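Coordinate analysis (summary)
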Amino acid sequence: MIRALPQSVDLLNEAMFALDGGAMFGIIPKPLWDRTNPGDDRNRIDLACRCLLVRYEDGTNVLVDVGIGTKWSDKDRDIYKICDQDPSLASALGEFGLEPEDIDHVVLTHLHFDHAGGVSYQDDALNVVASFPNATHWLQRKNWGWAHSPSARDGGSYRPVDFDFFEHEGAPHLELVDGPAEILPGIEVFPMNGHTYGMQIVKVRTMRDGTWVHLADLVPTSSHLRDPYVMGYDLQPLITVEEKREVLYHAAREDWWLVFEHDPKIAAGQVEFVDGRPRLRR
Ligand SMILES: [Zn+2]
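Residues numbered from 1 in each chain as written. Predicted model: local features only at pLDDT ≥ 70, side-chain atom pairs only at ≥ 80, totals over all residues. Heavy atoms only, no water.

1. Looking at the packing of aromatic side chains
Between two aromatic rings, the relevant description is the distance of the centres plus the angle of the planes. Going through the model one piece at a time under the given rule, you end up with 10 aromatic pairs. Arranged with centres 5.1 Å apart and planes meeting at 55°, the rings of Tyr 80 and Phe 113 form a pair that is tilted. Highlighted residues: Tyr 80 in the loop between helix 3 (74-79) and helix 4 (90-94) and Phe 113 in helix 5 (residues 113-116), separated in sequence by 33 residues. Residue classification places Phe 113 among the buried positions, given a relative accessible area of 6%. Members of the aromatic cluster, connected to one another through ring pairs, are Trp 144, Phe 163, Phe 165 and Phe 166. Across from the ring centre of Trp 72, 3.7 Å away, lies the NZ or CZ of Arg 159, which sits over that ring. (Phe/Tyr/Trp six-rings, centres within 6.5 Å; stacked < 30°, edge-to-face > 60°. Helix = DSSP H or I, 4+ residues; strand = E, 2+ residues; numbered from the N terminus. Buried < 20%, exposed > 50% of the residue type's maximum accessible area, 1.4 Å probe, protein only. Lys NZ or Arg CZ within 6 Å of the ring centre and 35° of its normal.)

The structure is reproduced here in structure tokens:
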């Protein structure tokens, strides 16, 4: 039973990959986004798969999101430019003296492949098995439902091979959450529905290092802070605008550290509002 707030928060990157720059920036013209996020010869921009490691004094370890995973064909690896990968975050965890078996909880923001692909991998017999076998996995019930019957528009972002194993015998426990909740001391989840149904952002209050918020795809990079910078992938872009405004407003007032899951360079930062517009605090 954990009693205190988390002791520390660290940022880990599971892999680099790339997506179409136009899709990542929605209505924003390329001459604007290309300055901060230059496209390659196939118009793709570099993206990180940034995860949080939250540690408690009593030895409880929590991961928030787990990256893109390794269940990819060579063709898909080429399309998504998957590189610099750290499967199961093993080497990053090793720097903290941890192994995947030491993770007690995995909080999944949503089941899109670039956030949850790393929950499982294929073993030598090609069985899909848990990357973090001892962890309770947390997800919004709404996202679990949507991932199993997504729309034709976003179906490609949910790969059943990533999450079907939860229904196999011996799979780690999946805890489905209904709405906002404090799932562990100091760790709260808040559903956001603009990007996809039942995504959750994750707020972590630490003992000494302030408050951290993993924004998932609400604000995927630090270039997405301003209102119209909404991904073409979002199912309800106007809802994203409202949800983003509200979160950034509180973040600026309360000095939260915001984690940008996909930003290739800026892992985290604080925000301020200048002339009514959010920007990174310098
Ligand atoms: Zn997503």
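Next comes the rest of the description.
2. A closer look at the layout of surface pockets
Empty space within the largest pocket amounts to approximately 470 Å³. What lines the largest pocket is a set of 17 residues, among which Ser 222, Ser 223, Arg 226, Pro 278 and Arg 279 lie closest to the centre. Elements represented by at least two residues in the lining of the largest pocket include exactly helix 2 (30-36) and strand 16 (277-280). For the lining of the largest pocket, a count of residues per class yields 8 nonpolar, 3 polar and 6 charged. (1 Å grid on protein atoms, 1.4 Å probe; cavity = no way out; pocket = protein on both sides within 12 Å on 5 of 7 lines; lining within 4 Å. Points joined across faces, edges and corners; volume = space filled by probe spheres on them. Nonpolar A, V, L, I, M, F, W, Y, C, P; charged D, E, K, R; others polar.)

3. A look at helix 6 (residues 141-148)
Turning to helix 6, its buried residues number three or more, namely Asn 143, Trp 144 and Ala 147. Down the axis of helix 6, the buried set is contained in an arc of 105°. They therefore lie on one face. On its buried face, helix 6 is in contact with strand 7 (136-140), helix 7 (160-163), strand 8 (174-177) and strand 11 (199-205). (Arc of directions from axis to C-beta. Contact = heavy atoms within 4.5 Å.)

4. So, the sheet that holds strand 2 (residues 44-55)
Taken in spatial order, the 6 strands line up as 1-2-3-4-7-8 in an open sheet, and their pairing is mixed. Across the chains shown, the open sheet's two edge strands, defined by having one partner strand only, are strand 1 (8-20) and strand 8. For this sheet, the mean angle separating the axes of adjacent strands, direction not counted, is 20°. Taken together, the 11 bridges between strand 1 and strand 2 define a ladder with antiparallel strand orientation. Bridged to Met 16 within strand 2 is Ala 48. (Pairing = 2+ DSSP bridges. Axes fitted to C-alpha atoms, helices over the stretch in contact; angles between N-to-C directions.)

5. Some remarks on the nonpolar core
By size, the foremost hydrophobic cluster in this structure holds 26 residues, and its most contacted members are Leu 63, Leu 93, Ile 103, Val 106, Leu 108, Leu 111 and Phe 132. Elements that contribute at least two residues to this core include exactly strand 2, helix 4 and helix 6. Once residues within four sequence positions are removed from consideration, Leu 63 is found in contact with Leu 12, Leu 52, Leu 53, Leu 89, Leu 93, Ile 103, His 105, Val 106, Val 107 and Phe 132. With 18 residues, the next largest nonpolar core counts Val 54, Leu 184, Val 204 and Val 259 among its residues. (Core = buried A, V, L, I, M, F, W, Y, C linked by side-chain atoms within 4.5 Å.)

6. Considering the environment of Lys 30
Of note, Lys 30 is situated in helix 2. Look at Lys 30 and you get partly exposed, because its relative accessible area is 37%. Considered as a pair, Lys 30 and Asn 43 are 13 residues apart in the sequence and their alpha carbons are 9.7 Å apart.

7. Side note on the coordination of the zinc ion
Around the zinc ion, the donor atoms from the protein are His 110 (NE2), His 112 (ND1), His 195 (NE2) and Asp 217 (OD), and they sit 2.1 to 2.2 Å away. Mapping the donors of the zinc ion onto the primary sequence yields the spacing H-x1-H-x82-H-x21-D. Here the residue His 112 occupies a position in the loop between strand 4 (105-107) and helix 5, and Asp 217 occupies one in the loop between strand 12 (211-214) and helix 8 (237-254), the gap between them amounting to 105 residues. (Donors = N, O, S within 2.8 Å, 3.2 Å for Na, K, Ca; no water.)

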